[in-house]
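Residue-level structure breakdown
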Amino acid sequence: MNISDKGLALIKKYEGCHLTAYLCPAGYYTIGYGHTAGVEEGMTITQEEADAYLLEDCSRSEREVERYNNEYGWNQNEFDALVSFAYNIGSIHQLTAGGTRSREEIAQKMLEYASGGGKTLPGLVKRRKEEQTLFLGLLQPEGEQQTEQSARGVLREGSEGEEVKGLQTLLVAKGYPVGEIDGNFGTDTKAAVVSFQEASGLMADGIVGKNTWAQLDII
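Scope of this entry: the structure provided in the associated data block. Only a predicted model underlies this, so the values are computations on that prediction, with no experimental measurement involved.

1. Looking at the overall build of the chain
- From N to C terminus, the chain includes 10 helices and 4 strands.
- Here the C-alpha atoms of the chain give a radius of gyration of 19 Å, agreeing with the 17 Å that 2.2 N^0.38 yields for 219 residues.
- With respect to the principal axes defined by its C-alpha atoms, the chain has extents near 55 × 45 × 35 Å.
- Put simply, the chain has 219 residues, and 39% of those count as buried.
- Restricting the contact set of the chain to residue pairs at least 6 apart, pairs at least 24 apart contribute 52%.
- Per element, the accessible surface of the chain, about 11,600 Å² overall, is 49% carbon and sulfur.
- When the 20 basic and 33 acidic side-chain charges of the chain are each reduced to a single mean position, those positions are 7 Å apart.

This is how it looks when you write it as structure tokens:
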């Protein structure tokens, strides 16, 4: 089994992409989506190379999750979530207690792996919750995640109005041309949204919901 686009998007979202090598807190030069093998100071890569490194590194995490397939018979959602977990942690051996825990116990225990340096890290808390949601098969497409409490509505091709103008303005400010900022969500705006979602590790469906708004708001 291989990780799906949904699983890859989750990893991209939380790893972030760096096309120039940087020294991570653990003291290793890192590039792309957390790639460390053969990375040296001053190294640069293209987006295509970053994506290739991601697949290469995911293959190791895939093999780690496959080790326990005889015990569980993972479905795609479970597999994707656990590959993301292993990509970040390095293993699922402790999480599964060597393959002895139930699915329910695994899902519950995921949330305990959200600390670093003895402190709970908000970013890891969010990642573990999303991995748990995916593992349980509850992760919905971007446009379906909008709640009544959200301040902004879901926008998609055909939407019109001031909110679309605001979206277009944000996209242009981040380097994604939309043609004319006219409040009409047409093909150019959809193409810009898809490009932004792909670069941000989101589900690239061209629908602007809660997750896409959140990424657009990051300065």
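2. Let's talk about the packing of helix 1 (residues 5–15) against helix 4 (residues 76–89)
- Where helix 1 contacts helix 4, the two axes come as close as 9 Å, and the packing angle between them is 30°. On the basis of the axis angle, helix 1 is roughly parallel to helix 4. Relative to helix 4, the crossing made by helix 1 is right-handed. Side by side, helix 1 and helix 4 meet where Lys6, Gly7, Leu10, Ile11 and Glu15 of the first sit next to Asn77, Asp80, Val83, Ser84, Tyr87 and Asn88 of the second.

3. A closer look at the packing of aromatic side chains
- Scanning the entire structure with this criterion turns up 4 aromatic pairs.
- Each ring, one from Trp74 and one from Phe135, has its centre 6.4 Å from the other, and the planes form 65°; the classification is edge-to-face. Placement of Trp74 in the loop between helix 3 (69–72) and helix 4 and of Phe135 in helix 7 (residues 122–135) is noted, with a sequence separation of 61 residues between them. Comparing Trp74 with Phe135 shows no difference in burial state: the two are buried.
- Judged by centre distance (5.2 Å) and plane angle (80°), the ring pair of Phe85 and Tyr113 falls under edge-to-face.

4. A closer look at helix 1
- The complete set of buried residues in helix 1 reads Gly7, Leu8, Ala9, Leu10 and Ile11.
- Just downstream of helix 1 lies Gly16, where phi reads positive at about 70°.

5. Describing the environment of Leu136
- By secondary structure assignment, the location of Leu136 is in the loop between helix 7 and helix 8 (162–173).
- By relative accessible area, which is 46% here, Leu136 ends up partly exposed.
- Leu136 sits 24 residues away from Glu112 along the chain, and the two C-alpha atoms are 16 Å apart.

6. Remarks on the packing of helix 4 against helix 6 (residues 103–110)
- At their nearest, the axes of helix 4 and helix 6 sit 13 Å apart, and the two run at 40° to each other. If you check the angle between helix 4 and helix 6, you find them oblique. For the crossing formed where helix 4 meets helix 6, the hand is left-handed. Listed contacts from helix 6 to Glu78, Ala81, Leu82 and Phe85 of helix 4 are Arg103, Ile106 and Met110.
- Considered class by class, the residues forming the contact of helix 4 with helix 6 number 5 nonpolar, no polar and 2 charged.

7. With respect to the pairing of strand 1 (residues 18–23)
- Pairing analysis gives 3 bridges linking strand 1 to strand 2 (residues 29–32), with the strands arranged antiparallel. Residue pairing for strand 2: His18 is matched across the bridge by Gly32.
- The hairpin formed by strand 1 and strand 2 contains 5 residues between the paired strands, and Gly27 there has a positive phi angle of roughly 90°.

8. Concerning the nonpolar core
- Core analysis: the largest hydrophobic core is formed by 31 residues, its most contacted members being Trp74, Leu82, Ile92 and Phe135.
- Of all the secondary-structure elements, those providing two or more residues to this core are helix 1, helix 2 (47–66), helix 4, helix 6 and helix 7.
- At 7 residues, helix 4 tops the list of elements feeding residues into this core.
- Discounting residues that sit within four places of it in the chain, Ile92 has contacts with Glu64, Val65, Tyr68, Trp74, Leu82, Phe85 and Ala86.
- Of all hydrophobic cores here, the second largest spans 13 residues; its members include Leu155, Val193, Phe196 and Trp213.

9. A few points about helix 2
- Taking 1.5 Å as the rise per residue, helix 2 with 20 residues should run 28 Å; its terminal C-alpha atoms sit 28 Å apart, in good agreement.
- Buried within helix 2 we find Ala50, Leu54, Asp57, Cys58, Ser61, Glu62, Glu64 and Val65.
- Structurally, helix 2 contributes buried residues whose contacts are with helix 1, strand 1, strand 2, helix 3, helix 4 and helix 5 (93–96).

Calculation notes
Residues numbered from 1 in each chain as written. Predicted model: local features only at pLDDT ≥ 70, side-chain atom pairs only at ≥ 80, totals over all residues. Heavy atoms only, no water. Helix = DSSP H or I, 4+ residues; strand = E, 2+ residues; numbered from the N terminus. Rg over C-alpha atoms; globule rule 2.2 N^0.38 Å. Buried < 20%, exposed > 50% of the residue type's maximum accessible area, 1.4 Å probe, protein only. Contact = heavy atoms within 4.5 Å. Areas by Shrake-Rupley, 256 points an atom, 1.4 Å probe, with all protein chains shown as cover. Lys, Arg positive; Asp, Glu negative; His and termini not counted. Charge placed at Lys NZ, Arg CZ, Asp CG, Glu CD. Axes fitted to C-alpha atoms, helices over the stretch in contact; angles between N-to-C directions. Parallel < 35°, antiparallel > 145°, perpendicular 65-115°, else oblique. Left-handed = near helix turned anticlockwise from the far one by under 90°. Phe/Tyr/Trp six-rings, centres within 6.5 Å; stacked < 30°, edge-to-face > 60°. Nonpolar A, V, L, I, M, F, W, Y, C, P; charged D, E, K, R; others polar. Pairing = 2+ DSSP bridges. Core = buried A, V, L, I, M, F, W, Y, C linked by side-chain atoms within 4.5 Å. Expected span 1.5 Å × (residues − 1).

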